[in-house]
Amino acid sequence: MPATREELIDRARALAPAIRGRAAQTAEQRRPHDDSIRDLIEAEIIQMLVPRRFGGSEVSLSTLFDVVEIISAACPSTGWIASFYVAHNTYVVRFPEETQEELLGPRGYVLLPAAQAADMHAVKVPGGWEVSGRAAWGSGIMHADWVQISGQAEDGRRSFLLPVSAVEVIDNWHYAGMAGTGSNDYQACKVFVPDRHAVDAVAFHAGVTEGSKLHPNPLYSIPFLISAYCTILPVLTGSLKGALEAFGQGVERRVRNFGGAVVRDQQMAHVTLGEMEIASLVASDLARTVFDAAEATMGVRDFTLDDRVAAKGKTAYVSKLCRDTVNAMMASAGASSYHLDQPLQRIWRDLNTVCSHAFWDWDVSREAAGRQRLGLPQVNPLV
């Protein structure tokens, strides 16, 4: 029996302490912890958005938010990978029915990194395509069984699915933040990809394909960027909640050097902690409005340019708020919080890294909002 929304949230909460306990090791080994990935699969979290036809829970999009926020509060790197794996199962549904059966039929899920930048080159050959190129930012590659790559084909942009055995993983993920995601590059060299594993990239990003039309649930046909914003938002807000927990623990135990003042007894500590608490609540509440708008729109009408610009702007603002807040935490936390064994400094590095992502770049997003307000054409492709 597929898990319900309530069961998935309860299971995420039950897993969180163990995931938190592995967070430092996850960062040190530069890849998701094997036990955490196994636990997420066994809890049916990875399968939560898979169609019921394949044994998945097919829960609401908002369930993704609740579950991933809990996991990300425990370990941002693990939350990032979990969210990607969950969401990327819906990408498979945009491919032909035969491919859906092939990938989702045996186990009811895939572990799929999905590079969307057009870094591949594909040549048409009998029965399919010959694909070559390198995909950057391969989040999920360390436990993958399939990979998705995109590129320029003879008839326009296409997206392809390849078994992980067909690509080479490049060990280049050496980052100060989100170190535990193991988001290494992967590359293909003249790999044959059958036609059933290819889809028009324009249709894929728009959301509606012949594959997605096989499922009445509108979740499987939402625009790619709307899906991407929903994938990342709970990682941002969950990470900030994790930082708030670590910051609060520091306030509880901190005694100022030389003067010996107990920080938890000082009014300024109350004001600062309260500000961080409010910022965390606001970030989470604002992020939920992106999910609410997506769920209210999908299946009712097409997503307009206004919808997309608004979702991008809110996502970018949440990102900015989370980064500014965790930076303020570190500025107030004292020098000992920079020690490598302290969770706060690790989450601080994680959030500063993930908030630099091109999809929710603050400058680009506010320019897009300004141009939309003035009725000017958009100039950035990521809208």
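Please refer to the structure placed before this passage.
No experiment lies behind these values; they were computed from the predicted model shown.

Engineer: Please provide a residue-by-residue account of the environment of Ala23, values included.
Structural biologist: Within the secondary structure layout, Ala23 lies in helix 2 (residues 23-29). For Ala23, a relative accessible area of 2% puts it in the buried group. Between the alpha carbons of Ala23 and Gly180 there is a distance of 7.9 Å; along the sequence they are 157 residues apart. Apart from residues no more than four positions distant in its own chain, Ala23 is found in contact with Ala74, Cys75 and Arg346.

Engineer: How would you summarise helix 6 (residues 97-104) if you had to cite specific residues and measurements?
Structural biologist: Helical geometry: 3.6 residues make up each α-helical turn, so side chains three or four residues apart lie on a common side. Among all positions in helix 6, only Thr99, Gln100, Leu103 and Leu104 are buried. The buried residues of helix 6 occupy an angular sector of 105° when projected down its axis, which confines them to one face. Check the buried side of helix 6 and you find it contacts helix 5 (76-92), strand 3 (146-153) and strand 4 (156-163).

Engineer: Can you break down the packing of aromatic side chains residue by residue, with the values?
Structural biologist: A complete count under the given rule lists 14 aromatic pairs for this structure. An aromatic cluster of at least three residues, connected via ring pairs, comprises Tyr91, Phe95, Phe204, Phe224, Phe359 and Trp360. Here the guanidinium or amino end of Arg94 rests over the ring plane of Phe204, the centre of that ring lying 5.3 Å away. Sitting above the plane of the Trp129 ring, Lys124 keeps its charged end 5.2 Å from the centroid.

How each quantity is defined
- Residues numbered from 1 in each chain as written.
- Predicted model: local features only at pLDDT ≥ 70, side-chain atom pairs only at ≥ 80, totals over all residues.
- Heavy atoms only, no water.
- Helix = DSSP H or I, 4+ residues; strand = E, 2+ residues; numbered from the N terminus.
- Buried < 20%, exposed > 50% of the residue type's maximum accessible area, 1.4 Å probe, protein only.
- Contact = heavy atoms within 4.5 Å.
- Arc of directions from axis to C-beta.
- Phe/Tyr/Trp six-rings, centres within 6.5 Å; stacked < 30°, edge-to-face > 60°.
- Lys NZ or Arg CZ within 6 Å of the ring centre and 35° of its normal.

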